[in-house]
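# Observations on chain architecture
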Amino acid sequence: MSKTASEWTKRPNHQVIPYVDSRIYSDEQIFEEEIAKIWKKVWLLTVHESEIPNNLDYRTLTIAREPIVIVRGPDAKVRAFLNVCPHRGNIVVRHPAGNLSVAEPSGTTNHMTCMFHAWQFDAYGKCVDIPRAKQGYQDRLTKKDVGLRELPCEVAYGGFVWVTLDEQAGSLQSFIGNALDMLHTELHTEPLEVFHYHKAIIPSNYKLWHDTNSEFYHDYMHYFNRATGMMHPGYFQRKYTPFPNGHASVGSMEIKYDAYEGAASRDLSFPGMQRNGWKLIDLFPGSTYNLRGSSLRIDTMTPISANQVMIEFRGLGLKSDSAEVREQRIRDHNTIWGPFGRNLHEDLLGITGQGVAMRPGTETRTILHGRVEDSTIHDEVGMRHFYDEWARRMGRSPMDPSQPYGMAAE
Ligand code: FES
Ligand SMILES: [Fe+2]
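Scoring rules and cut-offs
Residues numbered from 1 in each chain as written. Chains lettered and ligands numbered in written order. Predicted model: local features only at pLDDT ≥ 70, side-chain atom pairs only at ≥ 80, totals over all residues. Axes fitted to C-alpha atoms, helices over the stretch in contact; angles between N-to-C directions. Helix = DSSP H or I, 4+ residues; strand = E, 2+ residues; numbered from the N terminus. Parallel < 35°, antiparallel > 145°, perpendicular 65-115°, else oblique. Left-handed = near helix turned anticlockwise from the far one by under 90°. Contact = placed C-beta atoms within 7 Å. Pairing = 2+ DSSP bridges. Domains from an automatic or database assignment. Nonpolar A, V, L, I, M, F, W, Y, C, P; charged D, E, K, R; others polar.

Bringing the packing of helix 7 (residues 206-214) against helix 10 (residues 344-357) into the picture now. For the pair helix 7 and helix 10, the least separation of the axes is 10 Å and the interaxial angle reads 135°. With respect to their mutual orientation, helix 7 and helix 10 come out oblique. The element helix 7 and its partner helix 10 pack so that their crossing is right-handed. Taken together, the residues of helix 10 that come into contact with helix 7 (itself represented by L208, W209 and T212) are D347, G350, I351, Q354 and G355.

Structure representation (structure tokens):
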């Protein structure tokens, strides 16, 4: 039966049917709070070490609106800096990627040079030149008084570069805990290498991407997944395991790739991974390790506004791959996850539709997170676990964000 306005807006009993309030996806003020209380506070997966393989290679990116530069030093150590000049706040390194041996205009090789007044910094973040320093500053300010702000940075869990803006964030290991244990052998036996990168900027809230990655009930949307997964033994046994700090994993299963016409089984794998296996781990607040036998997909999110997110997709194989093996991994990856693959664009379309229906200013709705199936694959426990952590960090109830955490019926 269709519903009247008052019936449609009536909330279910949360103890019976868990839900969240759509304002957590559409409200700009809540988004600003998320930037401050979550994105500026946690460890975030950024680039892979193979994207900056040589000394003085760099990559720039943005975390919680703050420009960041990641540089491999002359000592081969990877460091992260706020990419902001201590002089008058200009962005220092402007290219998305490169090597510092190529000097900026008005700069010197091996240095990062701010284009505005040509202050220069080395790959350790030290200020190495201030033009006409003595004339302007006399002895009131020297190079030692200024430098780039270095951020906590670690290379870990498969060679990824992790960064946090918060020096009080605690260790990366305490943030991740045991969440990535399921992939320990796959990630640590051999060095990995990025072979694929693309990104999507989607008019939707970042949490909706997390949600679609963390529930498999939407396999109804993916014909490929239905044909190769849902129809086969083991699928409904796959179980969620929640970990502290909002992370969750979904147990392994074997995929029947050859059940899809034109697809072939994946003879290649990762060390420790069963042939045609599939393991997935969602990390709070916005990255995913997704290993389908022969290729690892890593999603990272950069929230732009309540209704816009950039999602970056990387495909990885083993650094030791021969050209032939690498070609096969790329084929396997793109069959399902490339821009013309059989899966990923469908997820992007799904959350774009949600983004249209939950734009800022749309009426408040109830978004159901209520499937309970003994933590198996169509259970929505992964989302509920994520929003428990969200509530704890935000101090707000996700089912009524005008209420403080704990005041509603969590
Ligand atoms: S703002 Fe960078 S040198 Fe002046
Ligand atoms: Fe999906």
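What follows continues from the structure just given.
With antiparallel pairing, the seven strands of this open sheet are ordered in space as 13-19-18-17-16-15-14. In this open sheet, the two strands that pair with only one neighbour each are strand 13 (192-202) and strand 14 (240-242). Sheet twist, expressed as the mean angle between neighbouring strand axes with direction ignored, is 15°. In the sheet, strand 15 (residues 248-254) pairs with strand 16 (residues 277-283) via five bridges, with the strands oriented antiparallel. The residue of strand 16 that forms the bridge with A248 is D282.

Our focus in this paragraph is the domain arrangement of the chain. By the assigned domains, the chain splits into domain 1 (44-153) and domain 2 (191-404). Here the C-alpha centre of domain 2 lies 35 Å away from the C-alpha centre of domain 1. Each partner contributes residues to the interface: domain 1 has five residues there, and domain 2 has nine residues. Taken together, the residues of the side of domain 1 that touches domain 2 break down into one nonpolar, three polar and one charged.

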